[in-house]
Amino acid sequence: MLGACATGPRFEEVATKDTSRTFNTVVVDAGHGGKDNGAYRRFGGAEKIATLDVAKRLSHKLRESNIKTVMTRSSDVFVPLEERVAIENEQKNAIFVSIHFNDSRRRKIRGFETYYHSPSSVDLANRIQTKLTTIPRSANRGVHHANFRVLRLAKYPAVLVECGFLSNPREGGEARDSDYRDELADRIAAAIVEQRYGSDHRTAKRESTDESPLFNRN
Ligand SMILES: [Zn+2]
């Protein structure tokens, strides 16, 4: 116990680089894998399957937006937490986004949650949470500070997204639906793109549409 205290959180604390507006790489982390199923519920199946699919879709969408991605795993394999952190920290200019699904003994509990540790991760966490809750009929369980190792040891801004409760009949069912998983990836990707480039170019696009001849005639 004493040994553990000596290497406690303060000792391990990592100075973060605030790359939240300059990053060119996103480390996409599919939670669990291999011998580690994560949560496993009748409605939602194994968490490790859903996280991998959302992570792959997210990676694909980010690449379409010309953002480089690195996946901590791209198949059903076990990757220790330390290795996930190491993959992130060896990047030159990155952020880290970990994908998980939630679990509760109370079946009624549902909704999205996003976690962060360093102050430089707050913006990204808020943005992802806000985008996710634009999904119709979704529930917002908020953005929270957490001491998870993958967040605490991260050199760069890092967030962990809980994409709904496998223990909830509806969200568990949605987690099994590939269209819904694509929607989750879509919202998270949109938040990351907005975090990097701002929402200005979107607004600009909308304005130029409003200036179309059709609109002006009204
Ligand atoms: Zn998990």
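Because the structure is predicted, anything quoted here is derived from the model rather than measured.

## Comments concerning the overall build of the chain
Link 1 in the chain: A tally of helices and strands in the chain yields ten helices and eight strands.
Link 2 in the chain: Buried residues in the chain amount to 51% of all 218 residues.
Link 3 in the chain: Contacts in the chain between residues far apart in sequence, at least 24 positions, make up 81% of those at least 6 positions apart.
Link 4 in the chain: As displayed, the chain offers around 11400 Å² of accessible surface, 50% of which is attributable to carbon and sulfur atoms.

## Let's talk about helix α8 (residues 178-197)
Link 1 in the chain: Taking 1.5 Å of rise per residue, 20 residues should cover 28 Å, and α8 covers 28 Å from first to last C-alpha, within 8% of that figure.
Link 2 in the chain: Count one or two residues on from α8 and you reach Gly198, which has phi positive near 85°.

## Points about the sheet that holds strand β5 (residues 94-102)
Link 1 in the chain: On the basis of which strands lie adjacent, the open sheet formed by six strands has the order β4-β1-β5-β8-β6-β7 and mixed pairing. Each having just a single partner strand, β4 (68-71) and β7 (140-145) make up the two edges of the open sheet. Within this sheet the neighbouring strands show an average axis-to-axis angle of 20°, counted without direction.
Link 2 in the chain: Where strand β6 (residues 112-116) and β7 come together, four bridges link them in parallel fashion. Residue pairing across strands places Thr114 opposite Val143, the latter belonging to β7.

## Some thoughts on the packing of helix α3 (residues 47-64) against α8
Link 1 in the chain: It is the contact of α3 with α8, at a shortest axis distance of 8 Å, that shows an interaxial angle of 45°. When the axis of α3 is compared with that of α8, the two are oblique. Of the two possible hands of crossing, α3 and α8 adopt the one that is right-handed. Contacts between α3 and α8 involve Ala50, Asp53, Val54, Arg57, Leu58, Lys61 and Leu62 from the former and Ser178, Arg181, Asp182, Leu184, Ala185, Asp186, Ile188, Ala189, Ile192 and Val193 from the latter.

## Concerning the pattern of salt bridges
Link 1 in the chain: Counted according to the given criterion, the structure contains 16 salt bridges.
Link 2 in the chain: For Asp103, the salt bridge goes to Arg41, with nearest N and O atoms at 2.7 Å. Placement of Asp103 in the loop between β5 and β6 and of Arg41 in strand β2 (residues 40-41) is noted, with a sequence separation of 62 residues between them.
Link 3 in the chain: With relative accessibility at 34%, the residue Asp103 sits in the partly exposed group.
Link 4 in the chain: Among the ionic pairs, Asp182 bridges to Arg57, the shortest N-O distance being 3.0 Å. Of this pair, Asp182 sits in helix α8 while Arg57 sits in helix α3, and the two are 125 residues apart along the sequence.
Link 5 in the chain: With relative accessibility at 26%, the residue Asp182 sits in the partly exposed group.
Link 6 in the chain: Each of Asp53, Arg57, Lys61, Arg181, Asp182 and Asp186 takes part in salt bridges that share partners, so that together they form one network.

## Re the side chain of Thr114
Link 1 in the chain: With respect to the helices and strands, the residue Thr114 is situated in strand β6.
Link 2 in the chain: Residue classification places Thr114 among the buried residues on the basis of a relative accessible area of 0%.
Link 3 in the chain: Here Thr114 is in contact with Ala125, Ile128, Gln129, Gly142, Val143, His144, Val159, Leu160 and Val161, once residues within four sequence places are set aside.

## Focus: the environment of Arg149
Link 1 in the chain: Looking at the secondary structure, you find Arg149 in helix α6 (residues 149-152).
Link 2 in the chain: We classify Arg149 as partly exposed; its relative accessible area is 36%.
Link 3 in the chain: Spatially, the C-alpha atoms of Arg149 and Leu81 are 7.2 Å apart, while their sequence positions differ by 68 residues.

Rules and cut-offs
- Residues numbered from 1 in each chain as written.
- Predicted model: local features only at pLDDT ≥ 70, side-chain atom pairs only at ≥ 80, totals over all residues.
- Heavy atoms only, no water.
- Helix = DSSP H or I, 4+ residues; strand = E, 2+ residues; numbered from the N terminus.
- Buried < 20%, exposed > 50% of the residue type's maximum accessible area, 1.4 Å probe, protein only.
- Contact = heavy atoms within 4.5 Å.
- Areas by Shrake-Rupley, 256 points an atom, 1.4 Å probe, with all protein chains shown as cover.
- Expected span 1.5 Å × (residues − 1).
- Pairing = 2+ DSSP bridges.
- Axes fitted to C-alpha atoms, helices over the stretch in contact; angles between N-to-C directions.
- Parallel < 35°, antiparallel > 145°, perpendicular 65-115°, else oblique.
- Left-handed = near helix turned anticlockwise from the far one by under 90°.
- Salt bridge = Lys/Arg side-chain N within 4 Å of Asp/Glu carboxyl O.

From the geometry alone we can't say anything about function, so treat these as descriptive.
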